[in-house]
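# Fold and contact review
One letter stands for each residue in the lines below.
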Amino acid sequence: MGVTLDDDARQYLAAFEDVTGVDGRDCLVTDGGDSLLIVVERGGMGEAIGPDGRTVKRFEDRADAQVRLVEDADNTAEFVANALAPAAVYNVTISENDDTVAYVEVAQADHGVAIGTNGRTIDAARTLAKRHFGIDDIQLL
């Protein structure tokens, strides 16, 4: 699926790639620009974070925003699990009936992590899963 980015997201991705040297696949700008969620190319997470988080911190300083990174994936289940990290995801089942829903088994202790503050983590995961794989909803089990 193709992702259409607005001008702000494109500018943030260009800056991200300039600072980290890693290809960004998508960017969600939230909280009025105070927070960014960037989908990083598969295998590029370590380089994007850098030693002791210094590389991503340099980008956060440049963007003047809090940044959360999600690693891209080739399949829907892996992508959904990555979007809910650092929650421990045991299994992702995709159900295609009237809607396409990802049912995600998460460690009981990590339900709060998967949901995030005010539902931000799961909402972002739903948005990304819709944009990249056509998933209509994500439900935690």
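Right, let's walk through the structure included here. (Residues numbered from 1 in each chain as written. Predicted model: local features only at pLDDT ≥ 70, side-chain atom pairs only at ≥ 80, totals over all residues. Heavy atoms only, no water.)

### Focus on the sheet that holds strand β5 (residues 100-106)
Pairing in this open sheet of three strands is mixed, and the strands run β4-β5-β6 from one edge to the other. Single-partner strands in this sheet number two, and they are β4 (89-96) and β6 (137-140). On average, adjacent strands in this sheet sit at an angle of 20° to one another, irrespective of strand direction. Pairing of β5 with β6 involves four bridges; the strand directions are parallel. What sits directly across from Val104, in β6, is Leu140. Strands in contact with helix α4 (residues 76-84) are β4, β5 and β6; relative to β4, the strand with the most contacts, it is inclined by about 130°. (Pairing = 2+ DSSP bridges. Helix = DSSP H or I, 4+ residues; strand = E, 2+ residues; numbered from the N terminus. Axes fitted to C-alpha atoms, helices over the stretch in contact; angles between N-to-C directions. Contact = heavy atoms within 4.5 Å.)

### Things to note about the layout of surface pockets
In this structure, the largest pocket encloses a volume near 360 Å³. Around the largest pocket, the lining is made up of 13 residues, and of these Thr30, Asp31, Ser35, Arg68 and Arg120 lie nearest the centre. Sorting the residues of the lining of the largest pocket by element identifies β2 (35-40), β3 (66-71) and α6 (120-133) as the ones contributing at least two each. Counting residues per element, the lining of the largest pocket draws most heavily on α6, at four residues. Looking at the lining of the largest pocket residue by residue, the classes come out as four nonpolar, five polar and four charged. (1 Å grid on protein atoms, 1.4 Å probe; cavity = no way out; pocket = protein on both sides within 12 Å on 5 of 7 lines; lining within 4 Å. Points joined across faces, edges and corners; volume = space filled by probe spheres on them. Nonpolar A, V, L, I, M, F, W, Y, C, P; charged D, E, K, R; others polar.)

### Considering the pattern of salt bridges
The full count for this structure, using the stated rule, is 12 salt bridges. With its nearest N and O atoms 2.7 Å apart, the salt bridge here joins Arg131 to Asp26. With a gap of 105 residues between them, Arg131 in helix α6 and Asp26 in strand β1 (residues 24-30) connect regions that are remote in the sequence. Judged by relative accessible area, Arg131 falls into the partly exposed class, the value being 25%. With relative accessibility at 0%, the residue Asp26 sits in the buried group. One salt bridge in this structure joins Asp52 and Arg54, with 3.3 Å as the shortest N-O distance. On the basis of relative accessibility, which here comes to 48%, the residue Arg54 falls in the partly exposed class. Several salt bridges converge on common partners, so that one network encompasses Asp23, Arg25 and Asp72. (Salt bridge = Lys/Arg side-chain N within 4 Å of Asp/Glu carboxyl O. Buried < 20%, exposed > 50% of the residue type's maximum accessible area, 1.4 Å probe, protein only.)

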